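Descriptive analysis of the structure
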Amino acid sequence: MSAAFSPELIGKIEALAGRYPVKAASLLPVLHLVQSERGHVSAEDERAVAGLLGMPPVKVREVMTFYTMFRRIPVGRYHIQVCTNLSCALAGGDSLAAHLETKLGVKLGGTTADGKFTLTGVECLGACETAPCLMINFDYYGNLDAARIDDLLGSLT
Amino acid sequence: MTKAPQVLTEFFWLEQLPRIEAYVARGGYEALKKALAQMKPDEVHDEVRKAGLRGRGGAGFPAGVKWGFIPKGTDKPKYLCVNADEGEPGTFKDRSILSHDPHLLIEGIVLTSYAVGIHAAYVYIRGEYEMIARRLEGAIDEARRAGFLGRNIFGSGFDLEIVVHRGAGAYVCGEETALLESLEGKRGNPRLKPPFPAAVGLFQCPTVINNVETLANVPFIIRNGAPWFLDLGVPKDGGTRIFGVSGAVAKPGLYELPSGTSLREIIFTHAGGIKDGRKLKAVIPGGMSSPILRADEIDVHMDVDSVAAAGSMLGSGGIIVIADGTPILQVLRKVAAFYAHESCGQCTPCRLGTSWIHKTVERMAAGRGQAGDVDALLRLAANIQGRTLCPLGDAAAMPVAAIARKFRTELESGLDRAGVRP
Ligand SMILES: Cc1cc2nc3c(=O)[nH]c(=O)nc-3n(C[C@H](O)[C@H](O)[C@H](O)COP(=O)(O)O)c2cc1C
Ligand code: SF4
Ligand code: FES
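Residues numbered from 1 in each chain as written. Chains lettered and ligands numbered in written order. Predicted model: local features only at pLDDT ≥ 70, side-chain atom pairs only at ≥ 80, totals over all residues. Heavy atoms only, no water.

1. Details of the overall build of chain A
Note the cut-off: Going along the chain from the N terminus, every DSSP run of H or I of four or more residues is numbered as a helix, and every run of E of two or more is numbered as a strand. Each residue's exposure class comes from its accessible area (1.4 Å probe, protein chains only) as a fraction of the maximum for that residue type: buried when under 20%, exposed when over 50%, partly exposed otherwise. What makes two residues a contact is simply this: any of their non-hydrogen atoms within 4.5 Å. Where accessible areas are quoted, they stem from the Shrake-Rupley method and a 1.4 Å probe; at the residue level, only the protein chains shown are allowed to cover. For this count, His and the chain ends are skipped, Lys and Arg are scored as positive, and Asp and Glu as negative. We put the charge of a Lys on NZ, of an Arg on CZ, of an Asp on CG and of a Glu on CD.
Helix and strand counts for chain A come out as seven helices and four strands. Counting from the amino terminus, chain A carries its helices and strands in the arrangement α-α-α-α-β-α-α-β-β-β-α. Expressed as a percentage of its 157 residues, the buried residues of chain A come to 53%. In chain A, the proportion of contacts linking residues at least 24 apart, taken out of those at least 6 apart, comes to 60%. Put simply, chain A shows about 6800 Å² of open surface, and 56% of that area lies on carbon and sulfur atoms. In chain A, the 14 positive side-chain charges and the 16 negative ones have mean positions that sit 6 Å from each other.

2. Regarding the sheet that holds strand β7 (residues 280-284) of chain B
In a beta sheet, neighbouring strands are held together by backbone hydrogen bonds and run either parallel or antiparallel to one another. All names here are of chain B. Rules: Whether two strands pair comes down to DSSP finding at least two bridges between them.
The five strands lie next to each other as β6-β5-β9-β7-β8, forming an open sheet whose pairing is mixed. Among the strands making up the open sheet, the edge pair consists of β6 (253-258) and β8 (293-294). Looking at chain direction, β7 and strand β9 (residues 318-323) are connected through four bridges and run antiparallel. Bridge pairing links Val 283 to Val 321 in β9.

3. Quick notes on the site of ligand 2
Short version of the rule: Throughout, near means a residue has at least one heavy atom within 4 Å of the molecule or strand. When residues are grouped by polarity, Ala, Val, Leu, Ile, Met, Phe, Trp, Tyr, Cys and Pro land in nonpolar, Asp, Glu, Lys and Arg in charged, and all others, Gly among them, in polar.
Taken together, 13 residues form the shell around ligand 2, and within it Cys 344, Gln 346, Cys 347, Cys 350 and Cys 390 of chain B come nearest. Counted by class, the shell around ligand 2 contains eight nonpolar, five polar and no charged residues.

4. Re the site of ligand 1
Residue and element names in this part refer to chain B. Our working rule: Pairs of N or O atoms are called polar contacts if they sit within 3.5 Å, as long as, within protein, a hydrogen donor faces a hydrogen acceptor (for residues adjacent in sequence, only side-chain-to-side-chain pairs).
Ligand 1 sits among 18 residues. The nearest are Gly 57, Lys 66, Asn 210, Asn 211 and Thr 214. Separating an oxygen atom of ligand 1 from a backbone N or O atom of Arg 56 is a distance of 3.3 Å. One nitrogen or oxygen atom from the main chain of Glu 176 is found 3.0 Å from an oxygen atom belonging to ligand 1. For ligand 1, the accessible surface in isolation is 610 Å², of which the surrounding protein chains cover 91%. In terms of residue class, the shell around ligand 1 is built from four nonpolar, eight polar and six charged.

5. A look at the packing of aromatic side chains
Residue and element names in this part refer to chain B. Selection criterion: Pairing of aromatic rings covers Phe, Tyr and Trp, the last counted by its six-membered ring, and requires centre-to-centre distances within 6.5 Å; plane angles under 30 degrees mean stacked, over 60 mean edge-to-face, and any other angle means tilted.
Considering all chains together, one arrives at 16 aromatic pairs over all chains under this definition. With 6.0 Å between their ring centres and 45° between their planes, Phe 61 and Phe 69 make a pair best called tilted. For Phe 61, a relative accessible area of 35% puts it in the partly exposed group. Between the aromatic rings of Tyr 122 and Phe 203, the centroid separation amounts to 6.4 Å while the plane-to-plane angle is 75°, which identifies the pairing as edge-to-face.

6. A few points about the interface of chain B and chain A
As a reminder of what qualifies: Once two parts are brought into contact, the accessible area they lose, counted with a 1.4 Å probe and summed over both, makes up the buried area. By definition, a salt bridge exists where a carboxyl oxygen of Asp or Glu is found within 4 Å of a side-chain nitrogen of Lys or Arg.
Of the residues lining the interface, 55 residues belong to chain B; the matching set on chain A comes to 37 residues. A buried area of about 3700 Å², summed over both sides, lies between chain B and chain A, and 60% of it is on carbon and sulfur atoms. It is Ala 168, Arg 187 and Lys 334 of chain B that lose the most area in chain B upon contact with chain A, and together they represent 17% of the buried surface on that side. Viewed at the interface, chain A and chain B are joined by three salt bridges.

See the structure below:
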C-alpha cells in the first residue's frame, strides 16, 4: 500500500500539467516525478495520476508498460543499467555484464536479496565513446573493466 | 591534412561554457539580435534554405524546405519539436551539444521559431539524459532572465517559450510521429503519414521537427551567411558534421569535420586508426540502421548523397568501427536483438520479421545454423522493407540484409561461431 500523494507532490504535478495546452501531455514528466519521489509507480499511484490528469487509468497503464524506464515494482537502491549494445560490446561490454552478474549474484533483470542493487541490461546509452559504459541511477560511468567495476561497487554504501 | 574548421564544437573545452555569460562573451545571441532587429522571418528562412542545411537526425532532409511545408496564414498555433532523443546506437553527438553548449541550441530554437512563426517549442530529450535535461532547463531560465526568451524578445514583439520534455526509454520515439504521440502523453506508436506533421502534428497543429545538431547550426548560418556555410561542406550538403566514432579505434570520440570528409580520413587520421594494431574489417557509417561497409568500401565522402550512392546512409553520423577478429555474427546478433526489442509491434511485417530474424540469428550463434539461414535472413529482411508504417522497419531490414549479403561466406562457414565474445 502506498501513501496518498502529499500536497507538495500534487502541487508539482499540477505545475507540470500547466506547461502543456492539454493536461494529458504531461503524463511522462508526471510519471518521472512520481517515480523519482516514490522509487516506483504502484497501481494506486497510476490511479492517482489518472485522476489528477483527468484520464482513464488504463491510459496510464498503457504508457507505464510501453516505456522501459517506468517501473511498476521497486528496484534496488542502486539501479545499475549496463549497456549491451554494439559499440560497448566491441569494447568488452558483454563480459562486463557477465562480471556484474557474477559479482552481484543476480542475472540481468534481477535485484540482490538485500535490495541494494538492481542490474539491468539496456540498449545504447548514447555514450559510446566511453564504451563499455553503464549508468548507476542517473550517473554515467565509462571506460570500465572488471577492476574498475569492483572499485565502483565497493564505493557504494 | 588541413586543420578542420570547428564551428559547433569550437568552444566545447571551455570550463564555463554552459553559462550564458560565457556564451554571450564569445558572440552568442548576436545572430538572434541581428535577426530580430534587421531581418524579416522570411529572410531568416531564406538564408537557411540557401545554406543547404540538411537534417542531422537521420534522414538528411533539407531544413529550409521542411519549414516551407508549414501552411501560411493558418490560425492554429504552430509548434517546434526538437528531437533530442538520440537513441540510434552508435550516436552520441547531441548529448555533447546539450551538455557543453545548451545556449547554442536555445539560440537555434529561437531563430527557427522566429522564421516559422512559432511561439512554443518542446525539446524531447531521452529519459536517460536526466542531468542534461536539468542543465538545459537551467540554461532556459538564464536565457529568459536575460530577455532572449519569453515575451517580447528584445522589444521585437516576438514571444517564445521552451519546454523540456523527457522521454522514458523507447527508441521508436525518435521517429518523428512517435515522438509527437509520446509528447501528447501516449504510447510511442508512429502515426500513419500523410497527413505529415507540417500540416497535422503536435496537438493536431502544424509542427516542425528538427534534430538538435540541425538547429545548433542555425545561429552560425544567420551570423556568417549561407555562402560561408555552403563553403564549409559540399554543394548540396553545407556545413560540418559532428561525427561520433566508436568501436575499435585508437581514439574514440567526436570529430567535427566538413560534410563530405572521407570516411577513411575520419577513421585513420582523426580517430587514430584501428586499436591494438588490428586491421579494419567493416564500418557502420551512420548509426546502427545504416548498412555496413566492408573495409574496401570506405573511400566514401561523408555527405548525405555520397553515402547514399555508396549503398548506405549518413544517418546520424555515428560511425561504428569493427576490427578483424570480431566475428560478424557478434555484430549481427546485436543488430537483430536491438530491432526485435524496439519494434513497437503495430505492423505485422516489422513485429514478426524482427522477431524471426532475431530467433534465426540466435540459433546460428548457438551453433545450430542450417544451410539456407542466410537466404532466410535476406528473405525476412525483404519482407519487412518498404512494407511498414514507419521507417523503423527499413532501419531493421537494411543492416541485416547488408551483413547477410556482404559476409555470407563467413556466416556460412560457421567459423567464429563459438567465439562471439572477443
Ligand atoms: C526509428 C527511428 C528513430 C529515430 N531516432 C531519431 C533520434 O533519436 N534523433 C533524431 O534527431 N532523429 C531520429 N529519427 C529521425 C526523425 O524521424 C526525424 O527525421 C528527424 O528528427 C528530423 O530532424 P532533422 O530533419 O533535423 O534531421 C529517427 C527515425 C526513426 C525512423
Ligand atoms: S515499422 Fe515497426 S516500429 Fe514502425 S510502426 Fe511498424 S511495428 Fe512499429
Ligand atoms: S553502445 Fe553502449 S553507449 Fe552506445
